[in-house]
Amino acid sequence: MLAEELVELAHRVCRQKSEEQTIEVKAAHEGCPKRLYDTLSSFSNQDSGGIILFGVDETSDYQVVGVYDPQDLQKKVAAQCLQMEPRVRAVFTLAELDGKWICSAEIPSLDISQRPCYYGGAGRIKGAYIRVGDADQTMTGYELYTYEAFRKHLHDDERPVPRATLSMLDQNLLQQYVLQKSVERPGLTQFSQEQAYEMLNITRDGVPTLAAVMNFAIYPQGYFPQLGITAIVVPGTEIGDIGGDSSRFLDNKRIEGTIPTMVTEALNFCMRNMKVRTTIRQETGQRVDYTEYPMEALREAILNALIHRDYSIYTEGTPVQIDFFTDRVEVHSPGSLYGRMSVEQLGKSRPDLRNPALAVMTESLTKAENRYSGIPTMRRAMREHGLPEPKFENRRHEFVVTLYNQPTASPSVQAPSHAATPTTTEDELLEFCRTPRSRQEISEFLGLKTTFYAMQHYIKPLLAAQQLAMTIPSKPKSRNQKFYTISKP
């Protein structure tokens, strides 16, 4: 961060009088804050990292109070960074504002394979934090488990289900699947049936896996009562709204069965509760029905929720949820995004698969394309239907897809202030930078309030991909630095 950027950040914080997901404010005019461990941990554990701003007093209406001693402050903050596991490497910047010195400590994000970052003095369970809004909260056992599962390549869809037996699976469906795989992979015919089941992740040591139960069991919910779908229709825009007859729900259904069965029944529920507009084509006289939401987008959202949800013991009691409101439909999937994937990368990068065995089985049984095409398909279907782009939210313990039914985006659909607008793409940014642009010009083009987010999420990735270049490569932090698109040969 440049000194000018630090001053700009301080002005914004003082003006809006609030902290953010990536900004923590500390006074530090009377000494170094004694306990920074929770913020160091939470910033290290989120993809965007964060900035601790010293010299602004939150308790005095966000007045600039300066820091007591810039050099000593940096030493003591660095000392606290060394007590974290893994160690935190803060990057400090100093600037003068209103005749007082302020300081920032940029906390870089840890790679997910190294998380969680925690305070060594408290231990991993009590010393690991996560950022929620402008607060640092202790990580739950589930959140700690998700990091361990990713690091150790643990896949819950492959865990055996102790009460399940092969006799409780649909034998016809199972044999059709094994036959199909044998045709695709003739080498499987060299194995015995027991060996083939192990190789196809149908069993583990002779016991059916969760993936097999969810795809082939005659009644999967006999083993996992909550691994289904709850679907509701609300007579308003929020849960709790009531209709004219004081009813809370216009329709309410629990959907059970195998994943293919649940997909079919969920789509039937959606079709039953959607408005249908009928038009007659003048040139042919043909009747054409338009559903309130494109069925293709709904199918992909439901499939993704069932295939990529978290199937660990921590979320066994949480079903997938479909909520119809008057202005939108929401599909809630238990578990946050898996691995290194972020919302900004959805549909652009190949994600890590949380449930690879289950995904392969479901692909064969539902004809789902396990080719990372679900998100682009949803976006295309909504666009062709004349509706706003789907909204994707990675919440603390769930992933939510929202489809809006209004032809134009309402304020609730607009991008948050810290993110680029949905219509801004890398191609558009590269076209914009065919004329060399400064950090500020790029931030304004993206609709961002600070250059820090633009640098971290747009400029640096494009520099690494050699799609952007610097006009002054020998001085990356120069205030006169500009960025331009590298022409393809």
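Please refer to the structure placed before this passage.
A few points on the structure. Only a predicted model underlies this, so the values are computations on that prediction, with no experimental measurement involved.

## Quick notes on empty space enclosed by the protein
Regions of empty space are outlined by a rolling probe, equal in size to a water molecule, passed over the atoms.
Okay, so step 1: In total, this model carries three cavities of 30 Å³ or more according to the counting rule given.
Okay, so step 2: By volume, the second largest cavity is sized at about 90 Å³.
Okay, so step 3: Per-class residue counts for the lining of the second largest cavity are five nonpolar, three polar and three charged.

## Considerations on the sheet that holds strand β18 (residues 328-334)
Okay, so step 1: Read from one edge to the other, the open sheet built from six strands follows the order β14-β13-β17-β18-β20-β19, with strand pairing classed as mixed. One side of each edge strand has no neighbouring strand; the edge strands of this open sheet are β14 (251-255) and β19 (391-394). The mean inter-strand angle of the sheet, taken between neighbouring strand axes irrespective of direction, is 10°.
Okay, so step 2: Across the sheet, helix α9 (residues 259-272) is in contact with β13 (229-233), β14 and β17 (320-324); its angle to β14 comes to roughly 175°.

## Side note on the side chain of D57
Okay, so step 1: Residue position: D57 is located in strand β3 (residues 56-57).
Okay, so step 2: Summary of buried charges: D57 has no salt-bridge partner, and the nearest side chain of opposite charge, K26, is 10 Å away.
Okay, so step 3: Polar side-chain contacts of D57 include one of 2.9 Å to the side chain of S60.

## So, the packing of aromatic side chains
Okay, so step 1: All chains considered together, the criterion is met by nine aromatic pairs.
Okay, so step 2: Look at Y142 and Y314: their rings are 5.8 Å apart centre to centre, the planes differ by 45°, and that puts the pair in the tilted class. Here the residue Y142 occupies a position in helix α5 (residues 141-151), and Y314 occupies one in the loop between α10 (295-308) and β17, the gap between them amounting to 172 residues.
Okay, so step 3: Looking at Y142, the relative accessible area reads 8%, which means it is buried.
Okay, so step 4: Centroid distance Y293 to F324: 6.1 Å. Interplanar angle 70°. Geometry classified as edge-to-face.

## Concerning the environment of A212
Okay, so step 1: Mapping A212 onto the fold places it in helix α8 (residues 210-216).
Okay, so step 2: By relative accessible area, which is 0% here, A212 ends up buried.
Okay, so step 3: Taking the C-alpha atoms as reference, A212 lies 7.9 Å from M361; in sequence the two are 149 residues apart.
Okay, so step 4: Excluding residues within four positions of it along the chain, A212 makes contact with L169, I202, A217 and M361.

## Let's talk about the pattern of salt bridges
Okay, so step 1: Counting across every chain of the model gives 26 salt bridges.
Okay, so step 2: Where R115 meets D47, a salt bridge forms, and the shortest distance between an N and an O atom there is 2.8 Å. Here the residue R115 occupies a position in the loop between β7 (100-107) and β8 (118-119), and D47 occupies one in the loop between α2 (37-44) and β2 (50-54), the gap between them amounting to 68 residues.
Okay, so step 3: In this structure, E296 and R380 form a salt bridge, with 2.7 Å as the shortest nitrogen-oxygen distance. Here the residue E296 occupies a position in helix α10, and R380 occupies one in helix α12 (residues 374-384), the gap between them amounting to 84 residues.
Okay, so step 4: By relative accessible area, E296 is classed as partly exposed at 39%.
Okay, so step 5: Residues participating in the shared-partner salt-bridge network are E24, K26, R131 and D136.

## Things to note about the layout of surface pockets
Okay, so step 1: In this model, the second largest pocket occupies a volume close to 240 Å³.
Okay, so step 2: Lining the second largest pocket are 13 residues; nearest its centre among them are R277, T291, E292, L387 and N405.
Okay, so step 3: Only β15 (276-280) and β16 (287-291) provide two or more residues apiece to the lining of the second largest pocket.
Okay, so step 4: For the lining of the second largest pocket, a count of residues per class yields four nonpolar, six polar and three charged.

## A few points about the nonpolar core
Okay, so step 1: If you look at the biggest cluster of nonpolar residues, it comprises 63 residues, and the most contacted ones within it are I202, I229 and F324.
Okay, so step 2: The biggest single contributor to this core is α10, with eight residues.
Okay, so step 3: Contact partners of F324, with chain neighbours within four places excluded, come to I232, V233, V234, F269, C270, M274, Y293 and V329.
Okay, so step 4: One finds L73, C81, I107 and C117 within the second-largest nonpolar core, a separate group that totals 20 residues.

## A look at helix α1 (residues 3-16)
Okay, so step 1: The first and last C-alpha atoms of α1 sit 20 Å apart over 14 residues, in line with the 20 Å expected at 1.5 Å per residue.
Okay, so step 2: Remark: K17 follows α1 within two positions and exhibits a positive phi of approximately 55°.

Calculation criteria
Each chain has its residues counted from 1, following the order in which its sequence is written. Local features in this predicted model are restricted to residues whose pLDDT is 70 or higher, and side-chain atom pairs enter the listing and the counts only when it is 80 or higher, whereas totals over whole chains, interfaces and linings include all residues. Computation of side-chain values: all heavy atoms of the structure, hydrogens and water removed. Only protein atoms enter the 1 Å grid used here. Points where a 1.4 Å probe fits but cannot escape make up a cavity, open sets with protein on both sides within 12 Å along at least five of seven lines make up a pocket, and a residue lines them when an atom lies within 4 Å of a point. Grid points are joined across faces, edges and corners, and a volume is the space filled by probe spheres set on the points. Note that Gly is not counted as nonpolar here; it falls among the polar residues with everything else outside the nonpolar set of Ala, Val, Leu, Ile, Met, Phe, Trp, Tyr, Cys and Pro and the charged set of Asp, Glu, Lys and Arg. Only strands joined by at least two bridges in the DSSP assignment are considered to pair. Secondary structure elements are taken from DSSP: a helix is a run of H or I of four residues or more, a strand is a run of E of two residues or more, and numbering for both begins at the N terminus. Here an angle of 0 to 180 degrees is reported between the N-to-C directions of two axes, which are lines fitted to C-alpha atoms, with helices fitted over the stretch in contact. Two residues qualify as a contact provided that any one of their heavy atoms is within 4.5 Å of a heavy atom in the partner residue. Exposed residues in this analysis have more than 50% of their type's maximum accessible area, buried residues have under 20%, and partly exposed residues fall in between, with area computed by a 1.4 Å probe over protein chains only. Charged residues are defined here as Lys and Arg on the positive side and Asp and Glu on the negative side; His and the ends of the chain fall outside this count. We count a salt bridge whenever a side-chain nitrogen from Lys or Arg sits within 4 Å of a carboxyl oxygen from Asp or Glu. Counting of polar contacts relies on pairs of N or O atoms within 3.5 Å, with two restrictions inside protein: one atom must be capable of donating a hydrogen and the other of accepting it, and residues adjacent in sequence are counted only when both atoms are side-chain atoms. Each pair of aromatic rings taken from Phe, Tyr and Trp, with Trp reduced to its six-membered ring, is defined by centres within 6.5 Å and is described as stacked if the planes are under 30 degrees apart, edge-to-face if over 60, and tilted in the remaining cases. What is meant by a nonpolar core is a set of buried Ala, Val, Leu, Ile, Met, Phe, Trp, Tyr and Cys residues, joined one to another through side-chain atoms within 4.5 Å. Given a helix with a known number of residues, its expected span is that number minus one, times 1.5 Å.

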